[in-house]
Amino acid sequence: MGGIAGIFHIETAKPVDEARVRAMLAPMGHRGPAGSAVWSAPGVGLGHGRLSAADAQPMVAAQGDIVAVCDGVIHNAAALRSDLQARGHAFRTHGAGEVLLHGWREWGEQLVERLEGAFAIALFDARTHALWLVRDRVGVKPLHYATLADGSLILASELKGLLAHPGLRRTADVTAAADYMALGYVPDDACLLRGVRKLAAGAAMLVRRGQPLPAPRRYWELSFAERTRARGGTLEDALRERLRGAVRAAMAGDEPAGALLSGAVESQAVAALMAETSAAPLPTCTMSLAPAAPGESGHAERIARRLGSDHHRGRITTDDLVLIDRIAAQTDEPLADAAALPFLRLCELARGSMTVALCGGGADDAFAGAARHLAGRRDALWRGLLPAPARSTLGRALGRLPRVGAGLADLTRDGVEACGAAMAVTPPALRTPLWSDAARRALVGYRPEERMIAAMRAAPARGLLDRMQYADIRIALPAAGLVRMDRMSMAAGLDLRAPLLDHHVLEFAARLPVRRRIHGRSGKYLLRKAMEPLLPLDTLYRPDSGLALPLDDWFRTTLAGEAGALAGGSALARCGWFDMRRIARIVEAHRSGAADQGRLLWQLMMLDRALGRLFGLA
């Protein structure tokens, strides 16, 4: 676990300045507070920053011909080591890094198909003068790269690592800004900094010296095309055992693990399964809003008492808004998810009692727990019941009513089109008027939602819910939810693991019948059923409420100055992409109480911070 950086000269084996690799590691020091090291040879340099003292890297083979750096954890490293030893490989260390060296020597590029865990890897093979880059199946760990004018490839865990290289040009990409304004994040196939790429989740790339940069190769694809034949209690038992296996794998290691606990069923499930195997009281942490109100923290504390955990609770106050700049610095590109604020505080709280933490991240995506999944399922049922003419009439009528779900109000459109468009957090009617004339000309014909729609149409899937979940896991999860998890936990020095994103669990969940994912108005249905022997029913089946931050109130009080700054003198004004008169009207309407625009103002504020930091517009 830590951060990685590197330089690889693609055309010729020119010397690499180790100081430059160290400079790329330096701004990612939060990923490697336990120290860093750099290795170099003609044409290549690799660096690694360690989150803990164990498993020092870069790891160099005894023959000196293979070198690897890894950010993350290989859950099945012990099993791979045993397999390799049986094949005649002799190990010098007990770390997972050496498993990569021997695994590459034995299996080459097929090694990645044997790896389980959350990881980003850079491996150099001097025998073939090739650099191998790989990212875990779901994209828990990030990996950025870019090619420079001098023919070199640079790589780093975070964008700030690339920015430390003087050869990287800083040119802003307005289409990535459009992606962000639509979706609330910059997808992995885009970057606010033109020319920077992110290795896709579940992809690998082998770069050979003297050859053009190849396209990444996907080595894993989640399929929703098949349905399990198991029924009832058999399915519940099977899921519970898969979850137990994933939790045990995530807990493996020298450091004792704790849990991030909320009232959501997934965090309860992870904590309960951890408590089964923990000899000592399980450390758990939760976060709530101050002043105290009934909600997530109360349910979390009830579960903590039931599990007999060593429970710690923190509270979010307006004093914590000083973390906004830190959050923006951690994510580099903007992230509109305001939950990053309490999540950072939660990780900091957890770090006081644990170094490894497990969470329930990914459950909504895997088990259809998001509100849009419920709406999409409802949409599909209406479409199946009504003929096209009736759908058109009803859709137009509902569209004129306030507070009607997007699915019902948009029955006139194709289901994939409607659901793909609904994945945008800021609809076109709200975001399009924000652009300046110059930005509109640059964006003519560009529609960020198209990537979601295209992914849904191409998905290996049977129905609309399958396609929505596929697009979420393929596009939204690695670029939004996992960015929040990775950057905030790394900022706190916490090794955070998400066992529900184990690919065996995901593949099991993708084969579930729709009725085992959504039952009535309840998502994550089989997950709830599977945990009935371990958790109270009234907690399992209550609606998930989440920690709702009072953004509307904050932007009229504590953050009123931030709102005012957006309207004049901000990076948004200096970049030339926005109609600042329109933004000023939005700020004034919110200030006066004529409209509630707290979420949009937060989104604009985080973009403003990113533009200022990345392009010197502050």
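Our structure is the block above this text.
Described in the following lines is the structure provided in the data block. Note that the structure is predicted; figures quoted are calculated from it, not measured.

## Some remarks on the side chain of R240
Structurally, the position occupied by R240 is in helix α6 (residues 232-251). Judged by its relative accessible area of 11%, R240 is buried. A distance of 2.5 Å separates the side chain of R240 from the side chain of D237, its partner in a polar contact.

## Description of the packing of helix α25 (residues 560-567) against helix α28 (residues 598-615)
For the pair α25 and α28, the least separation of the axes is 10 Å and the interaxial angle reads 65°. With respect to α28, the axis of α25 lies roughly perpendicular. Considering only the axes of α25 and α28, their crossing is left-handed. Counting all contacts with α25, which are made through E562, A563 and L566, the residues of α28 involved are L601, L604, M605, D608 and R609.

## Things to note about the side chain of S157
Within the secondary structure, S157 is located in the loop between β9 (152-156) and α4 (159-163). A relative accessible area of 0% places S157 in the buried class. A distance of 2.9 Å separates the side chain of S157 from the backbone nitrogen of I4, its partner in a polar contact. The residues contacting S157, other than those within four sequence positions of it, are G2, G3, I4, M28, R31, D71, P142, L143 and H144.

## Let's talk about the pairing of strand β8 (residues 144-147)
Note that β8 and strand β10 (residues 197-198) share 2 bridges and pair antiparallel. Counted as the bridge partner of H144 is K198 from β10. Between β8 and β9, which pair antiparallel in sequence order, lie 4 residues; one of them, G151, sits at a positive phi of approximately 85°.

## Focus on empty space enclosed by the protein
With the rule as written, the count across this model stands at 4 cavities of 30 Å³ or more. In this structure, the largest cavity encloses a volume near 230 Å³. Secondary structure elements with two or more residues in the lining of the largest cavity: β6 (117-125), α6 and β17 (495-497). Broken down by class, the residue content of the lining of the largest cavity amounts to 11 nonpolar, 3 polar and 6 charged. What lines the second largest cavity is a set of 23 residues, and nearest its centre among them are D188, K198, A479, V483 and R487. A total of 6 residues in the lining of the second largest cavity trace back to one element, the largest contributor, which is helix α19 (residues 464-491). When grouped by side-chain class, the residues that make up the lining of the second largest cavity number 12 nonpolar, 3 polar and 8 charged.

## A word on α19
Its 28 residues place the ends of α19 37 Å apart at the C-alpha level, agreeing with the 40 Å of an ideal helix rising 1.5 Å per residue. Residue L477 marks the point of greatest curvature in α19, where the axis turns by about 70°; the proline P478 follows within four residues. Of all 28 residues making up α19, 26 are buried, and the element is well covered by its neighbours. G493, located one to two residues past α19, shows a positive phi value of around 70°.

## Some points on the environment of S436
Along the chain, the position of S436 falls in the loop between α16 (428-431) and α17 (437-442). The sequence separation of S436 and A271 amounts to 165 residues, and the corresponding C-alpha distance is 49 Å. Sequence-distant contacts of S436, defined by excluding residues within four places in its chain, comprise G576, W577, F578 and D579. Within the local environment of S436, its side chain forms a polar contact with the backbone nitrogen of A439, the two atoms lying 3.2 Å apart. A distance of 2.8 Å separates a polar atom in the side chain of S436 from the backbone oxygen of G576.

## Observations concerning the sheet that holds strand β7 (residues 130-135)
The sheet built from 6 strands is open, its strands ordered β4-β5-β6-β7-β11-β12 with antiparallel pairing. Every other strand in the sheet has two partners, leaving β4 (59-60) and β12 (217-218) as the edge strands with one partner each. Inspection of the sheet shows strand β5 (residues 66-74) paired to β6 by 9 bridges, in the antiparallel sense. Its bridge partner being in β6, I66 is matched across the sheet by D125. Set on the sheet, helix α3 (residues 96-107) makes contact with β4, β5, β6, β7 and β11 (203-208); between it and β5 the angle comes to about 125°.

## Here we look at the state of the cysteines
For the structure on display, the rule yields 0 disulfides. C359 forms no disulfide, and the closest cysteine sulfur to it belongs to C347, at a distance of 8.1 Å.

## Here we look at the nonpolar core
The nonpolar side chains of a soluble globular protein tend to be buried, and buried together. In terms of nonpolar packing, the biggest core is built from 186 residues, with W435, F578, W602 and L611 touching the most fellow members. Top element by residues in this core is α19. It accounts for 15 residues. The contact partners of L611, leaving out residues within four places of it in the chain, are L192, A571, L572, C575, W577, G616 and L617. Counting residues in each nonpolar core, the second largest holds 21 residues, with F8, W39, V44 and V67 among its members.

Conventions adopted
- Residues numbered from 1 in each chain as written.
- Predicted model: local features only at pLDDT ≥ 70, side-chain atom pairs only at ≥ 80, totals over all residues.
- Heavy atoms only, no water.
- Helix = DSSP H or I, 4+ residues; strand = E, 2+ residues; numbered from the N terminus.
- Buried < 20%, exposed > 50% of the residue type's maximum accessible area, 1.4 Å probe, protein only.
- Polar contact = N/O pair within 3.5 Å; in protein donor to acceptor, adjacent residues only side chain to side chain.
- Axes fitted to C-alpha atoms, helices over the stretch in contact; angles between N-to-C directions.
- Parallel < 35°, antiparallel > 145°, perpendicular 65-115°, else oblique.
- Left-handed = near helix turned anticlockwise from the far one by under 90°.
- Contact = heavy atoms within 4.5 Å.
- Pairing = 2+ DSSP bridges.
- 1 Å grid on protein atoms, 1.4 Å probe; cavity = no way out; pocket = protein on both sides within 12 Å on 5 of 7 lines; lining within 4 Å.
- Points joined across faces, edges and corners; volume = space filled by probe spheres on them.
- Nonpolar A, V, L, I, M, F, W, Y, C, P; charged D, E, K, R; others polar.
- Expected span 1.5 Å × (residues − 1).
- Bend = angle between axes of the 7 residues up to and from the residue.
- Disulfide = S-S within 2.5 Å.
- Core = buried A, V, L, I, M, F, W, Y, C linked by side-chain atoms within 4.5 Å.

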